[in-house]
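Structural features, examined
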Amino acid sequence: MTTVFSDLKEGILSTLQGLTVIRAKSAGYILGTVMLGIMSLVKAKELCTMLFVPSTVSPTTYYQIFSRLSRLSRLGLMTTILYTLKDASDRDRLKGSTFIQLNFLAAGALLSMVLYLSPSIGKSNGPLTALIMLASGISTMTLCQGVSSLKAKNNSEQ
Amino acid sequence: MVFVNVYAYAIGLILVHLHGTNCFSVPTSIGRSNNNNKAALSTTTTTFLNEGNVILRRTNYGCRCIGRTTNSIMLSKLSAAAAEEEEENTEEEETEDDAAATELLDNKKLAGRKKRLIMGYQLSSFAYLAASSFHLIKGGNNFLYYIFGGGTFTVAGILYILKGAAQNDRLGSDTYKRLNLSIIFYAFVQQILPAMGLGLSGKLFFKGPAILTLINGIKVSFFKMLAMLFLFFRFITLNFLTSK
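Residues numbered from 1 in each chain as written. Chains lettered and ligands numbered in written order. Predicted model: local features only at pLDDT ≥ 70, side-chain atom pairs only at ≥ 80, totals over all residues.

**Some thoughts on the overall build of chain B**
Stated precisely, the cut-off is as follows: Comment: elements are numbered from the N terminus, with helices defined as DSSP H or I runs of at least four residues and strands as E runs of at least two. The burial criterion counts other C-beta atoms lying within 10 Å of a residue's C-beta, which is placed from the backbone; the residue is buried at 20 or more, exposed at 12 or fewer, and partly exposed between these limits. A residue pair is marked as a contact if its C-beta atoms, positioned from the backbone, fall within 7 Å.
A tally of regular secondary structure across chain B gives 10 helices and 0 strands. Across the 244 residues that make up chain B, the buried fraction comes to 29%. Taking as baseline every contact in chain B between residues at least 6 positions apart, the subset at least 24 positions apart corresponds to 61%.

**Side note on the overall build of chain A**
The secondary structure content of chain A amounts to 5 helices and 0 strands. Mapped in sequence order, the helices and strands of chain A form the string α-α-α-α-α. Within chain A, buried positions represent 30% of all 158 residues. A sequence separation of at least 24 residues applies to 69% of the contacts in chain A between residues at least 6 apart.

**Description of the packing of helix α1 (residues 2–20) of chain A against helix α8 (residues 174–192) of chain B**
Rule in force here: Every angle, taken between N-to-C directions, lies between 0 and 180 degrees, and every axis is a line fitted to C-alpha atoms, over only the stretch in contact when it is a helix. For classification purposes, an angle smaller than 35 degrees is called roughly parallel, one larger than 145 roughly antiparallel, one from 65 to 115 roughly perpendicular, and anything else oblique. Side-chain classes follow a simple rule in which Ala, Val, Leu, Ile, Met, Phe, Trp, Tyr, Cys and Pro form the nonpolar group, Asp, Glu, Lys and Arg form the charged group, and the remainder, Gly included, forms the polar group.
Across the interface, α1(A) lies against α8(B) with an axial gap of 11 Å and an inter-helix angle of 105 degrees. Considered as vectors, α1(A) and α8(B) are oriented roughly perpendicular to each other. Judged by residue contacts, A:D7, A:G11 and A:S14 of α1(A) engage B:D174, B:K177 and B:R178 from α8(B). Of the residues assigned to the contact of α1(A) with α8(B), the class counts are no nonpolar, 2 polar and 4 charged.

**Notes on α1(A)**
We count it as follows: Any helix carries an expected span of 1.5 Å times its number of residues minus one.
The end-to-end C-alpha distance of α1(A) is 28 Å, a good match for the 27 Å that 19 residues give at a rise of 1.5 Å each. Counting buried positions along α1(A) yields 0 of 19 residues, so the element is predominantly exposed.

**Observations concerning the interface of chain B and chain A**
Opposite the 25 residues of chain B that make contact, chain A presents 27 residues. The set of elements that each furnish at least two residues to the side of chain B that touches chain A consists of α6 (143–148), α7 (152–167) and α8 of chain B. Take the side of chain B that touches chain A: its biggest share by element is 10 residues, from α8(B). For the side of chain B that touches chain A, the residue count by class is 13 nonpolar, 9 polar and 3 charged.

**Considerations on unusual backbone geometry**
Unusually for a residue other than glycine, A:D92 sits at a positive phi of about 60 degrees. Position of A:D92 relative to the elements: it lies in the loop between α3 (62–90) and α4 (97–117). For A:D92, a count of 8 C-beta atoms within 10 Å puts it in the exposed group. Notably, B:N142 is not glycine yet its phi reads approximately 50 degrees, a positive angle. Relative to the helices and strands, B:N142 resides in the loop between α5 (92–138) and α6. Given 13 C-beta atoms within 10 Å, B:N142 falls into the partly exposed group.

**Thoughts on α3(A)**
Between its first and last C-alpha atoms α3(A) spans 42 Å; for 29 residues at 1.5 Å apiece the expected length is 42 Å, and the two agree. Residue A:D92 follows α3(A) closely and has a positive phi angle near 60 degrees.

**Some details on the confidence of the model for chain B**
The cut-off we apply is this: Here pLDDT means the predictor's own confidence in every residue, given as a number from 0 to 100.
Per-residue confidence for chain B gives a mean pLDDT of 67; residues scoring 70 or more make up 49%. Contacts of residues 22–75 of chain B to residues separated by more than four positions or lying in other chains number 59 contacts, the stretch itself having pLDDT below 50.

**Here we look at the packing of α7(B) against α8(B)**
Helix-helix packing: each pair is described by the crossing angle between the helix axes and the interaxial distance. Residues and elements named next belong to chain B. The following threshold applies: Crossings are classed by handedness, with left-handed meaning an anticlockwise turn of the near helix from the far one by less than a right angle and right-handed meaning a clockwise turn.
Relative orientation of the contacting elements α7 and α8 amounts to 140 degrees, with a least axis distance of 10 Å. Taken together, the axes of α7 and α8 lie oblique to each other. Judged by the twist between their axes, the crossing of α7 over α8 is left-handed. Along the contact surface, α7 presents V155, I158, L159, I161, L162 and A165, while α8 presents Y176, L179, N180, I183 and Y186. When the residues that make up the contact of α7 with α8 are grouped by side-chain class, the tally is 10 nonpolar, 1 polar and no charged.

**Some details on the nonpolar core**
This is how the line gets drawn: Think of a nonpolar core as buried Ala, Val, Leu, Ile, Met, Phe, Trp, Tyr and Cys residues, each tied to the set through C-beta atoms within 7 Å.
Within the largest apolar cluster, 55 residues are counted, with the highest numbers of intra-cluster contacts made by A:I81, A:L82, A:L85, A:A106, A:L110, B:L159 and B:L162. Beyond its immediate stretch of four places on either side in the chain, A:A106 contacts A:I81, A:L82, A:L85 and A:T142.

**A look at the environment of B:S132**
Residue and element names in this part refer to chain B. Topologically, S132 is positioned in helix α5. The class for S132 is buried, based on 23 C-beta atoms found within 10 Å. If we ignore the near neighbours within four places in the chain, the residues touching S132 are I147, T152, F153 and A156.

**Notes on the environment of A:G37**
Residues and elements named next belong to chain A. Mapping G37 onto the fold places it in helix α2 (residues 27–52). The class for G37 is partly exposed, based on 18 C-beta atoms found within 10 Å. As for G37 and Y83, which are separated by 46 residues in sequence, their C-alpha atoms are 9.4 Å apart.

**Focus on the confidence of the model for chain A**
Residues at a pLDDT of 70 or more form 98% of chain A, whose mean pLDDT is 88. For chain A, the element scoring lowest by mean pLDDT is α1(A), at 82; α4(A) scores highest, at 93.

Written out as structure tokens, the structure reads:
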């Protein structure tokens, strides 16, 4: 039990320390981490408002709460992937097979997010369009990074 | 007929994908997978002359005859006996031998645990892959986002990565701890979510992989017990909902 909590504490501390390291080579991953982190924080805030400060005018249904929870978990997953990639990029470990696979996963995740949000490009201007542009850019970057590190790995093996 | 198909599909999937993990072989002391352990064990038996160490020879013999469960039970008894002996005996050679024996037992336990971990990760990964293929075939609103955007396919990929890490003994590093935690959170949320509108196959593909992931990801026994209790109630409610 105690080992679990000490592990958790150390992990959180190392994660926070890793977030303070900003390097030019991992700029795209930092951008992605911050974007998805903010999105998941917004979802968490919505969830907290629904649970603890319910409005009397429009009462929240269980469906709304559970859909927020589900989205929070997916966004958390994507944030973890991008943070892991950022960490690996800081340590020059992107050629490992783990991080190649994670790159492709992140590319797929962000691309599907872009496809999901794309119908609302024309309708709502401003932040959402910017978000879509940012997500598509990061998706392309992760895809290119994955392909290039895969090629580099294959070359070094031969 | 639909139910039958779903169950047959699940069982076939499990059998097919467990085939590669070598989990059907029984890990006795003469098994193929741990030849090193066998050699070490035989050398220790020959050097032991103590009265208490007759047990070791007997258990070794028993392990060869009987299967896996008795093996583990006997080994646990043996480790207790070895610990007692360590307290009693003061001669150097014997304590060294005992230490070697306990080390060997620890190695064996670790090897078994690793095997189970790899098996579990592979199983849950393929379960999530099956769930994503199910959703892909079924389609629906924004189904691509629900599969690839931090959904079932992403989780399947991360579980595959974790399986590779378990094979190379790299699960202790921060990267994999982080991924494991995120996956546990995801599976926990999936367990909490209600599955009212889905059919039986939908429920199975929604809850089943998450159960596997939770059991595999949580290694602490207390948490595991809690999770099992939770899953038990979950199953009861699931059955109740399907029977309506």
